[in-house]
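Below are the chains, spelled out letter by letter.
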Amino acid sequence: MKDFSDIIIISDMDGTLLNSEKKITPENLKAIEKFRSMGGKFTVATGRTIQSFEPYADMLKIDMPVILYNGAMIYDYNSGKILYQIYLPEKSKEISIEIMKSVENLGGEVLKADSAYIFENNEYEKLHTRMCGVDVKFCKLENMSPQGWLKVLFASSPENIQKLVDFIAEKRYNEVSFVKSSDIFCEMLEPSSTKGSALKMYRQLDGMQNMKFISIGDYNNDIEMIQEADFGAVPSNAQPEVKKSADIILENSCDENAVAELIDLIIQKNIYGGSYGRKN
């Protein structure tokens with residue numbers, strides 16, 4: 001039997017491991033279990049919080065640290081310990097207030113380690129709350145302490161999110177960075193905080209120094225992770241700019257068990273270190 005004990009697959013959730021119904025298919029679960037039975041490791045990099053990812057951690061039987069908050073935290077569910085985190089600067093509160101006053105119809109929330117704090121609850125923010133499936137807190141943005149912010153999520157229609165992106169580009173905020181995590185979500189993070197930067201930190205954890213990482217993701221917030229990994233894959237439904245960053249574009253989409261396809265390629269064709277190779 002092949003031994004994949006030196007390989008870790010790190011997967012995005014929405015649009016990658018989850019199908020369009022926000023479910024992990026039996027086919028993907030079976031493939032992950034098969035990979036583990038051959039020594040391989042599997043974990044996740046997601047924008048979700050400690051609380052909102054916990055049900056998936058149980059379902060996936062996660063036994064490796066997980067990248068959360070789009071790279072602002074690495075968390076170990078086995079020990080219940082935060083292994084790495086990076087906060088937004090306190091000026092993020094002032095920037096958030098300016099954004100909310102300047103761009104109409106935005107919903108939004110501040111995410112901390114203990115909870116999500118909703119400061120404007122439009123229909124897209126309500127959708128995000130339903131997607132996460134956890135209890136949230138409500139608080140006026142002006143009344144919130146600026147300390148301990150891991151990220152700020154803005155939610156609105158695709159057209160309005162584009163207005164937000166245009167506003168951000170015009171303002172050129174240096175203290176923070178922004179990334180679209182879907183057509184209806186745009187997130188504010190500490191400038192050095194990405195899934196890719198978190199993967200760099202992951203490599204420094206105990207026992208990770210000699211591991212090889214294979215990543216898979218579909219959206220803009222996955223690009224740095226795909227580039228940082230030793231080998232990067234994308235499902236067929238990935239955004240065009242994300243496909244450009246990958247070593248391989250899978251034939252299947254998230255609705256067609258793309259993660260299972262990737263695992264089959266690893267097992268059957270040894271895509272890492274094999275004929276596929278890392279792009280220059």
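Residues numbered from 1 in each chain as written. Predicted model: local features only at pLDDT ≥ 70, side-chain atom pairs only at ≥ 80, totals over all residues. Heavy atoms only, no water.

A.B. asks: Quick question: what am I supposed to make of the overall build of the chain here?
C.D. replies: Helices and strands together make up the secondary structure of the chain, namely 9 helices and 14 strands. Relative to a compact globule of 280 residues, whose C-alpha radius of gyration would be 19 Å, the chain shows 18 Å and is just as compact. Dimensions along the principal axes, computed over C-alpha positions, put the chain at roughly 60 × 40 × 35 Å. Within the chain, the proportion of its 280 residues that are buried is 55%. Considering only contacts within the chain whose residues lie at least 6 apart along the sequence, 61% involve residues at least 24 apart. Element-wise, carbon and sulfur atoms account for 47% of the exposed surface of the chain, whose accessible area totals about 12,500 Å². Between the averaged position of the 32 positive side-chain charges in the chain and that of its 42 negative side-chain charges there is a distance of 1 Å. (Helix = DSSP H or I, 4+ residues; strand = E, 2+ residues; numbered from the N terminus. Rg over C-alpha atoms; globule rule 2.2 N^0.38 Å. Buried < 20%, exposed > 50% of the residue type's maximum accessible area, 1.4 Å probe, protein only. Contact = heavy atoms within 4.5 Å. Areas by Shrake-Rupley, 256 points an atom, 1.4 Å probe, with all protein chains shown as cover. Lys, Arg positive; Asp, Glu negative; His and termini not counted. Charge placed at Lys NZ, Arg CZ, Asp CG, Glu CD.)

A.B. asks: Which parts of the structure should I look at to understand unusual backbone geometry?
C.D. replies: The phi torsion of most residues other than glycine is negative, and most of the peptide bonds are trans. One non-glycine residue, Lys-22, lies in the positive phi region at around 60°. Within the secondary structure layout, Lys-22 lies in the loop between strand E1 (7-11) and helix H1 (26-37). Residue class for Lys-22 comes out partly exposed when judged on its relative accessible area of 33%. In this model, Lys-61 sits at a positive phi of 55°, which is unusual for a non-glycine residue. Checked against the element boundaries, Lys-61 lands in the loop between helix H2 (50-60) and strand E3 (66-68). Assessed through its relative accessible area of 59%, Lys-61 is described here as exposed.

A.B. asks: Honestly, the sheet that holds strand E12 (residues 212-216) in this entry has me stumped. Any pointers?
C.D. replies: Pairing between the strands of a sheet comes from backbone hydrogen bonds, and it takes one of two forms, parallel or antiparallel. Taken together, the 5 strands give an open sheet; going across it, the order is E2-E1-E12-E13-E14, and neighbouring strands pair in parallel fashion. Sheet topology places strand E2 (41-44) and strand E14 (248-249) at the edges, where each strand pairs with a single neighbour. In the sheet, E1 pairs with E12 via 5 bridges, with the strands oriented parallel. Looking at the pairing, Ile-8 lines up with Phe-213 of E12. (Pairing = 2+ DSSP bridges.)

A.B. asks: Just to check I follow, could you spell out the environment of Ser-96 for this structure?
C.D. replies: Structurally, Ser-96 can be placed in helix H3 (residues 92-102). Distance from Ser-96 to Val-110, taken between C-alpha atoms, is 9.6 Å for residues 14 residues apart in sequence. Contact partners of Ser-96, with chain neighbours within four places excluded, come to Leu-141, Trp-149, Val-152, Phe-154 and Met-188.

A.B. asks: Got a minute to help me understand the layout of surface pockets in this structure?
C.D. replies: As a volume, the largest pocket reaches approximately 450 Å³. Together, 31 residues line the largest pocket, and Asp-14, Met-131, Ser-181, Ser-182 and Phe-185 are the ones closest to its centre. Elements that contribute at least two residues to the lining of the largest pocket include exactly helix H4 (123-132), strand E9 (151-155), strand E10 (177-182) and strand E11 (185-189). Classifying every residue of the lining of the largest pocket by side-chain character gives 9 nonpolar, 12 polar and 10 charged. (1 Å grid on protein atoms, 1.4 Å probe; cavity = no way out; pocket = protein on both sides within 12 Å on 5 of 7 lines; lining within 4 Å. Points joined across faces, edges and corners; volume = space filled by probe spheres on them. Nonpolar A, V, L, I, M, F, W, Y, C, P; charged D, E, K, R; others polar.)

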